[in-house]
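Observations on the model geometry
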Amino acid sequence: MLKLVLQGIRTRWVTLAGSFLALALGVGIIATTGLALAATFAGPAQAPERFAAAPVLVRGADEVRVHTSIGIRTQKLTDPRPVPAAVAARLAGLGRTELDRTFSVSAGNGSGGAVGHPWAVAAATPYRLLSGRAPAASGEVVVAAGEGAVGDRITLTTPAGQGRWTVTGTVRPASFERAVFFTEADAARLAPDIDAVVVHADPAAVRAAVGPGLDVLTGDERRRADPDPDRDAEALVSVNALLGTAAGITAFVSVFVVASTFSFAVAQRRREFGLLRMAGATPGQVRRLVYAEAALVGVLASAAGCRLGLSGAPRLASWMVQQGLAPAWFAIGDQKWPLHTAFWTGLAVALAGAVAAAHRAGRVRPAEALRDAAVDSGTMPPIRVALGAAVLLTGAVLVVLGLVQDPAGLLKRKTYTTQPMLLITGCALFAPVLVRPAIRLLAWLPARLPGATGLLVRENASAGLRRTAAVTAPVLVTVALAASLMGTKATIDAAKAAEARGQVTADFVAVGEHLGVSQEFTDRARRVPGAVVSASRATSVTVLEEGTALIRSDARAVDPADFAAVSALPVVAGRLADLDDRSIVVNEEWETHKVGARVRVRLGDGREATLRIAAVLAVGTGDNGVYLTPHNAAGAPVDRVGIGIRAGADRQAVERGLRAAGRATGTEVLTREQWAATLVRGGGSTRTGLLMILAIALVYTGIALANTQVMATADRVRDFAVLRLAGATKAQVLRLAGAEALAVVAVGAGLGGAVAALNLLGVRAALGRLDVPAGIVVPWEAVGLVVAVSAALAVVFAVLPARLALRTRPVELAGARE
């Protein structure tokens, strides 16, 4: 058996080369992503950054802890409480203390994102003077090197407005923030609240001195006080999601390509299997022959893929760090289990891909050795029909259930990146049935034009159905993936923007990028004649649902009277005007969402409150959060200011006044359309992950197209010879081969587009159920790129082998036998 397998591989190495490449690439990607995933499980312990030199740090508690029947549940707070002045005074009696205050600062050139601190706290941080001296008098600051020189007069915008400050010293820049240091008195004036206290005393004594709601941090716990302390953990969650999805898509596409290749190879070798049956081979022996070939290819390809993964994983980690998808410390470790997993997965994929082919090979009868027909029947085995029907039915049922029970769930990333696979797989399984009518429809007009090319394209593609289906299927999968995934994300992004545009009726919007919009801007905007100003704050509330789940919801604190003038929320019950300090506005996703009911929540600063539901909002795309009054959002800065124009007011005069207020306070004022456009800009790690998936699918498509076209051309040399003997020139034969390739790619693109249309219609139906006004966004650029690359590859690998075959005289080719 082994000798027969080796001889078959040596004779038909072209047949298995594509499977080897696809499988090796798949194992390589799985090994690469596995090694990268393993690196996320054992990240290095992160040392404190900002307060690395603080012996003991006291700050407001940053999480809420709730005892439930299944244990303690925790949730992060968005607005930790400041340290009370009385507590700071008690701590000063234990030893030397430094008070930390943090507030927003932007330079006069419009570059924001900096934060201000009192200079006294710099001793507990990595900052040290590089030049000059510490600020001693009001109006003096220390900046990072490169932000100014000693003696410079710079313009800074602080919570008190814009002013001129003198640089007295510079410090080394830090990676975690852009800091500007002020005197203790200036910092206290600009930010009265105490964010943290550095204490030089015994930790036990400090714990005894502080009250509830405050944390005492020592050692590595001081990292909780760093700016964005969870950024590495959040980045690793994105890395896990991105790599996990990429690995799953790789396994899906590699099984598909390998199965398609083996199936086509078996169809080509039916006469060979028939001869083996005539020589006495049993169906089981023929099946074992196919399995043995698959196992040998699987072992070799898996080994090559593991070697590829060892080389690719460090490069992937470096690329992810450069793209900002992973922390700067992210690197590949010495774990070996991902390689074992990738190797055995590759072997399993090879054997799984050969199952259908082996079953078909075992059913070849001895009489097949005498057949010389080149027309495929177009029928499918019952098991494939049943499997395809089951997959399609499952996909349809999941979509219908989602639309009925949880339409918002269909808009979540995990759902819209995995659910389309069912429809894609089902349609790919039915490709042999769909291809023939599709090719006849596509070639209906060309077949009636003068000349024989259109007719020959239609008849050749219809006769060689397995060949046509083998080329069509990978194009179908790739086009459907590109249009479904990219289109769904673009559609949801557009829906979110449309929803925001409909809910925010303000003519202008000012948004704080870092620590909020200054009070100075809000006050100036209120003094502009004809302007209606609504300042709102981003916060959160946490609620215990079903007695075990601690759910945090984004919330916005607003003044109901002002907010109503610049918004139009999708209220389904109650009235927004009834919102007061003892009530809350929720959406329909909440477990309790009946107007008048009372809910117990934890506010953004950790306080417990029982509030009455004043109104209920529709779910929408998921951004219809909770609304409170500023009384229940202590500590949350104003991060958005909506400005409307009163009826009869001069719009140009109002705009001039707002622009002037923005320039004076370093605040950017946007029109509503400009603000809505910022909501869908970029795409972050989700878009990067989708592009990675698309690139993987496109590479597999190229391998499948190249392999299938080369295999098919080797079988069609006699057809080309007959055409030559009938009077066709070499150029005409090559044009025919290219035209066939384009037609088959067009069929695959059309079927893939139809599958994507079904997926996108499901998304549109979900948005319709949520009453979100939005249309379908088709990613023409991505789809066009996929189709263009597929067409180019199909034509190249159809024409080049045909050109090589045409070097032999037609008479010799026509008389050739296998």
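Structure: above.
Anyway, here's the lowdown on the structure attached to this text. (Residues numbered from 1 in each chain as written. Predicted model: local features only at pLDDT ≥ 70, side-chain atom pairs only at ≥ 80, totals over all residues. Heavy atoms only, no water.)

A closer look at the overall build of the protein
Keep this limit in mind: We count a stretch as a helix when DSSP gives it H or I for four or more residues in a row; a strand needs E for two or more, and each element gets its number in order from the N terminus. Partly exposed describes any residue whose relative accessible area lies between the buried limit of under 20% and the exposed limit of over 50%, with all areas from a 1.4 Å probe on protein chains only and scaled to the type maximum. A contact between two residues is defined here by any heavy atoms of the two lying within 4.5 Å. Accessibility throughout is a Shrake-Rupley quantity obtained with a 1.4 Å probe, and a residue counts as covered only by protein chains that appear here.
Within the protein, the regular secondary structure consists of 24 helices and 23 strands. Taken over 818 residues, the protein has a buried fraction of 50%. Considering only contacts in the protein between residues 6 or more positions apart, those separated by 24 or more positions represent 80%. Split by element, the accessible area of the protein, about 35700 Å² in all, is 59% carbon and sulfur.

A few points about a nonpolar patch on the surface
Keep this limit in mind: Nonpolar side chains (Val, Leu, Ile, Met, Phe, Trp, Tyr) within 5 Å and like charges within 9 Å form the patches, drawn only from residues with over 30% relative accessible area and no salt bridge. A pair is scored as a salt bridge if a Lys or Arg side-chain nitrogen falls within 4 Å of a carboxyl oxygen belonging to Asp or Glu.
Together, Leu 758, Leu 761, Ile 776, Val 778 and Trp 780 make up an exposed nonpolar region whose accessible area comes to about 510 Å². Examined against the element boundaries, Leu 758 turns out to sit in helix α22 (residues 730–769).

Quick look at the pattern of salt bridges
Scanning the entire structure with this criterion turns up 24 salt bridges. Of the charged contacts in the structure, one is a salt bridge between Arg 96 and Glu 98, with a shortest N-O distance of 2.5 Å. A relative accessible area of 6% places Glu 98 in the buried class. Where Asp 507 meets Arg 651, a salt bridge forms, and the shortest distance between an N and an O atom there is 3.1 Å. One end of the pair, Asp 507, is in the loop between α15 (465–503) and β14 (508–511); the other, Arg 651, is in helix α18 (residues 651–665), with 144 residues separating them in the sequence. The class for Arg 651 is partly exposed, based on a relative accessible area of 39%. Put simply, Arg 59, Asp 62, Lys 76, Asp 215 and Arg 224 are held in one network by salt bridges that share partners.

Looking at the side chain of Thr 158
Inspection of the secondary structure assignment puts Thr 158 in strand β9 (residues 153–158). Apart from the residues lying within four places of it in its own chain, the contact partners of Thr 158 are Ser 104, Val 105, Trp 165, Phe 182, Leu 190 and Ser 518.

Some words on the packing of helix α12 (residues 420–429) against α15
Worth spelling out the cut-off: Here the axes come from fitting lines to C-alpha atoms, over the contacting stretch only for helices, and the angles between their N-to-C directions go from 0 to 180 degrees. In what follows, roughly perpendicular refers to angles from 65 to 115 degrees, roughly parallel to angles under 35, roughly antiparallel to angles over 145, and oblique to any angle outside these ranges. By the definition used in this description, the sense in which the near helix is turned from the far one sets the handedness, with an anticlockwise turn below a right angle giving left-handed and a clockwise turn giving right-handed. Note on residue categories: nonpolar means Ala, Val, Leu, Ile, Met, Phe, Trp, Tyr, Cys or Pro, charged means Asp, Glu, Lys or Arg, and polar means any other residue, Gly included.
The interhelical angle for the contact between α12 and α15, taken along N-to-C directions, is 155 degrees, at an axis separation of 10 Å. The pairing of α12 with α15 is recorded here as roughly antiparallel in orientation. The crossing of α12 and α15 is right-handed. Where α12 abuts α15, its residues Pro 420, Met 421, Ile 424, Cys 427 and Ala 428 lie against Leu 476, Val 477, Ala 480, Leu 481 and Ser 484. Among the residues forming the contact of α12 with α15, the class breakdown is 9 nonpolar, 1 polar and no charged.

Brief notes about helix α16 (residues 519–526)
Since the α-helix advances by 3.6 residues per turn, residues separated by three or four positions end up pointing in the same direction. All of the buried residues along α16 are Glu 520, Phe 521, Thr 522 and Ala 525. Tucked into the core, α16 has its buried residues touching β10 (161–171), β14, β15 (531–545), β22 (638–645), α18 and β23 (669–671).

Overview of the sheet that holds strand β12 (residues 196–199)
What counts is decided by this rule: Note on pairing: DSSP must find at least two bridges between two strands before they are called paired.
Here we have 4 strands laid out as an open sheet, ordered β4-β12-β1-β13, and antiparallel in their pairing. In this open sheet, the two strands that pair with only one neighbour each are β4 (97–100) and β13 (214–217). Taking the axes of each pair of neighbouring strands and ignoring which way they run, one obtains an average angle of 20 degrees across the sheet. Here strand β1 (residues 56–60) runs beside β13; their pairing, made up of 4 bridges, is antiparallel. Bridged to Gly 60 within β13 is Leu 214.

Topic: the side chain of Arg 640
As a reminder of what qualifies: In this count, Lys and Arg are taken as positive residues and Asp and Glu as negative ones, while His and the chain termini are left out.
Structurally, Arg 640 is set in strand β22. We note that Arg 640 is buried and unpaired, the nearest opposite charge coming from Asp 639 at a distance of 6.3 Å.

Description of the environment of Arg 556
As for its placement among the helices and strands, Arg 556 is situated in strand β16 (residues 549–557). Using a relative accessible area of 13% as the deciding quantity, one classes Arg 556 as buried. Distance in space between the C-alpha atoms of Arg 556 and Val 541 is 9.6 Å, their sequence separation being 15 residues. Excluding residues within four positions of it along the chain, Arg 556 makes contact with Ser 536, Arg 537, Ala 538, Thr 539, Val 626, Tyr 627, Leu 628, Asp 639 and Arg 640.

Notes on the packing of helix α14 (residues 453–463) against α22
Put simply, α14 and α22 touch, their axes get as near as 9 Å, and they point 55 degrees apart. As summarised for this structure, α14 and α22 are arranged oblique, according to the angle between their axes. In this structure, α14 meets α22 at a crossing whose hand is right-handed. Contact residues: Thr 453, Leu 456, Val 457 and Asn 460 in α14; Leu 736, Ala 739, Glu 740 and Ala 743 in α22. Residue composition of the contact of α14 with α22, grouped by class: 5 nonpolar, 2 polar and 1 charged.

Here we look at the nonpolar core
Threshold: We call a set of buried Ala, Val, Leu, Ile, Met, Phe, Trp, Tyr and Cys residues a nonpolar core when their side-chain atoms join them within 4.5 Å.
Counting residues in each nonpolar core, the largest one holds 34 residues, and the members touching the most others are Ile 424, Val 479, Leu 481, Val 755 and Val 786. For this core, the elements supplying multiple residues, two or more each, are α12, α15, α20 (684–715), α22 and α23 (780–805). Looking at this core element by element, the count peaks at 10 residues for α15. For Val 786, the residues in contact, after removing those within four places along its chain, are Thr 478, Val 479, Ala 482, Leu 694 and Leu 698. Ala 36, Ala 39, Met 320 and Ile 696 belong to the second-largest nonpolar core, a separate cluster that totals 20 residues.

Remember that the coordinates give geometry; whether it matters functionally is a separate question.
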